[in-house]
Protein chains: 2
Amino acid sequence: MNPATSKMDYKTKLASLFENELLPALNDFSSKQKRFPLYEPISYMMSLGGKRLRPLMVLAAADAYSASSKAAIPAAMAVEVFHNFTLMHDDIMDEAPLRRGKTTVHEKWNANSAILSGDAMLVQAYECLTLCSAEVLPKLLPIFNQTALEVCEGQQLDMDFEQRSQVELPEYIEMIRLKTSVLLAAALKMGALIGGAKEDEAQHLYRFGESMGIAFQLQDDFLDAFGDPEKFGKQVGGDIISDKKTYLWIRCMEKASEADLKTVDTWIGERNKGEEKVSFFKALFAKLEVDSEIQNTMESYYQDAMTHLNRANLKDEAQQFFSAFARSLMVREN
Amino acid sequence: MNPATSKMDYKTKLASLFENELLPALNDFSSKQKRFPLYEPISYMMSLGGKRLRPLMVLAAADAYSASSKAAIPAAMAVEVFHNFTLMHDDIMDEAPLRRGKTTVHEKWNANSAILSGDAMLVQAYECLTLCSAEVLPKLLPIFNQTALEVCEGQQLDMDFEQRSQVELPEYIEMIRLKTSVLLAAALKMGALIGGAKEDEAQHLYRFGESMGIAFQLQDDFLDAFGDPEKFGKQVGGDIISDKKTYLWIRCMEKASEADLKTVDTWIGERNKGEEKVSFFKALFAKLEVDSEIQNTMESYYQDAMTHLNRANLKDEAQQFFSAFARSLMVREN
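Residues numbered from 1 in each chain as written. Chains lettered and ligands numbered in written order. Predicted model: local features only at pLDDT ≥ 70, side-chain atom pairs only at ≥ 80, totals over all residues.

Draft legend 1. Structural detail: the interface of chain A and chain B. The partner chain B presents 30 residues to the 30 residues of chain A that form the contact. Mapped by element, the contributors of at least two residues to the side of chain A that touches chain B are helix H4 (73–93), helix H6 (111–130) and helix H7 (137–162) of chain A. At 13 residues, the largest contribution of residues to the side of chain A that touches chain B is made by H7 of chain A. Taken together, the residues of the side of chain A that touches chain B break down into 20 nonpolar, six polar and four charged. (Contact = placed C-beta atoms within 7 Å. Helix = DSSP H or I, 4+ residues; strand = E, 2+ residues; numbered from the N terminus. Nonpolar A, V, L, I, M, F, W, Y, C, P; charged D, E, K, R; others polar.)

This is how it looks when you write it as structure tokens:
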């Protein structure tokens, strides 16, 4: 198959799922919100956009097994509403002023509103899920419950790491698995089950999503330091400036010499000399070869994802779609 | 029937449901919590106790229709875990230092922990509910979802009222209905449905709980001002000192003369002369007869509750149980 065609197909497919199924459901969700202060932050949050990858994966996975994604719309909405709930509460905890370039809910209203509207949003995610057919709902609920708890566990680890001076690599991988991967994985598995996949097929799609999610987050870590400032979209080096314990940071600390660590110590906590700090760490990452190491690790998660994709018993077209989608996440520059 | 026997029966029944069914389920819930920082505040919150009225009502309602409450244990736990989740988040929003005489979660840990563990707790409430039989789950989920949203709406109204100088009585009643009544009502309805009640029978039990919940909250308002300090348990006049817009306050403002309102104005915001402030308002409430008015309103909600109880098609024994239970809520002194 021509890779160009494949990439075209995957983008057309995603665009079609978005336009024809997800967008009407998103509009319906917003139009049904009660006119009551509790619900205004919810409509606002949901209107901020984003790539909507998770709900699209629910739809694409259902479509892959049943050649129709209509039945998966409630689950897709549940996943997207849940994701936005986590963002609303994470933003309070991280004291983030902006989300997708717009004022965060706790800044635009206040922390109490963001807490309470977020709570309502989590309930609404379950309300969406409840609209799935009674046949598949008992299979979906335990996945959704477990995933939701895991995402909370991931956020807890992320907050805990900020208070610690050292984090081990396996802990870090577990944190990003919980915080980022499991929801993507669950989205795929739920879609597959709605589409009529067998339990083991759905589980392979879960593992595909889980490994892709980790690879995706590692790519994020890499691009934060080594991305092209013209294409990255965010400030390059943001993680470095805020001393975030990413893959690069953790491995750098493990591999650095005593002498390097002494210089590193002078940079920790430094917020003003941003450009100089970023240059210093980028040079150190390169010297210690953690830049190539993260790319190798990423590649190995990507290969693991492909192994599971190949075992998910998909028809050629669906196989190519997910394969092209996964490739696009790996070669991105933002 | 001898009222003394009836009261004895109702207390024995509640104690038996608690000892034999709810307590083992509560212990099981705690023992299954993962040893992970996210879950410690959950175990702590659940261990603070309380009357456990809501889960006991789930069990009693199931028992009333099917002569067994075993099948209702997951729903009872869902209701209790949900209730404790709302307390954990409400305490952050209200900046409460104490809950049931113990340090609140956001004080013992921090606000972020209370937000995140509360979120996990809401998910765990759904996890409990998911353990209900697949036959009844599709009926329970929409009730639970709607109730959860209504409780959030009630908390939102409560917070909004604090920022306002005036609140109308119907708005206040709606706020306490949402914040207090609907969960008790839903507990009864869910239990009834699990027990095999018909939809309209379950709905009458819902309305019984809804009116009882409002009567219960009005009783709270009354006891705050006119309760016996020896028996009330909390500081008498706490609502008055904090200028809380209760039934008594709202009707007092509506009925007060221009001259009274001028004196009232001098007391609003006064936090130091507590005893004097409480005496002043108690005298004014009595002069304007809002004390007897609230008792009449309470009695009318109680009568409405009884009407619905009588239509719920219960066997004599169950009818007497709920009737004695309702009476006990009305004649309480704390």
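Here the narrative resumes, following the displayed structure.
Draft legend 2. Focus on the relation of the copies chain A and chain B. Superposing chain A onto chain B requires a rotation of 180° together with a translation of 0.0 Å along the rotation axis, leaving an RMSD of 0.0 Å. Look at the turn and shift together and you get a two-fold axis relating the two. Taken together, the interface assignments show that 100% of the residues at the interface of chain A recur at the interface of chain B, consistent with an identical surface on both copies. (Least-squares fit on C-alpha atoms with pLDDT ≥ 70 in both.)

Draft legend 3. Seen up close, the packing of H7 of chain A against helix H8 (residues 169–194) of chain A. Residues and elements named next belong to chain A. Put simply, H7 and H8 touch, their axes get as near as 7 Å, and they point 165° apart. Classified by the interaxial angle, the pair formed by H7 and H8 is roughly antiparallel. Pair H7 / H8 crosses with left-handed handedness. A per-class count over the contact of H7 with H8 returns 13 nonpolar, three polar and six charged. (Axes fitted to C-alpha atoms, helices over the stretch in contact; angles between N-to-C directions. Parallel < 35°, antiparallel > 145°, perpendicular 65-115°, else oblique. Left-handed = near helix turned anticlockwise from the far one by under 90°.)

Draft legend 4. Layout of the packing of helix H4 (residues 73–93) of chain B against helix H7 (residues 137–163) of chain B. Residues and elements named next belong to chain B. Direction vectors running N to C along H4 and H7 enclose 20°, while the axes themselves pass 12 Å from each other. In this view, H4 runs roughly parallel relative to H7, as classed from their interaxial angle. By crossing handedness, the relation of H4 to H7 is classed as right-handed. Of the residues in H7, those in contact with Ala75, Ala78, Phe82, Thr86, Asp90 and Met93 of H4 are Leu140, Phe144, Ala148, Val151, Gln155 and Met159.

Draft legend 5. Region of interest: the confidence of the model for chain A. All names here are of chain A. Overall, the prediction assigns chain A a mean pLDDT of 93, with 96% of residues at 70 or greater. Low pLDDT (under 50) marks residues 1–8, which in the prediction has six contacts with non-local residues, meaning those over four places away or in another chain. Scored by ipTM, the complex comes to 0.94, with pTM at 0.94. (pLDDT = per-residue confidence, 0-100.)

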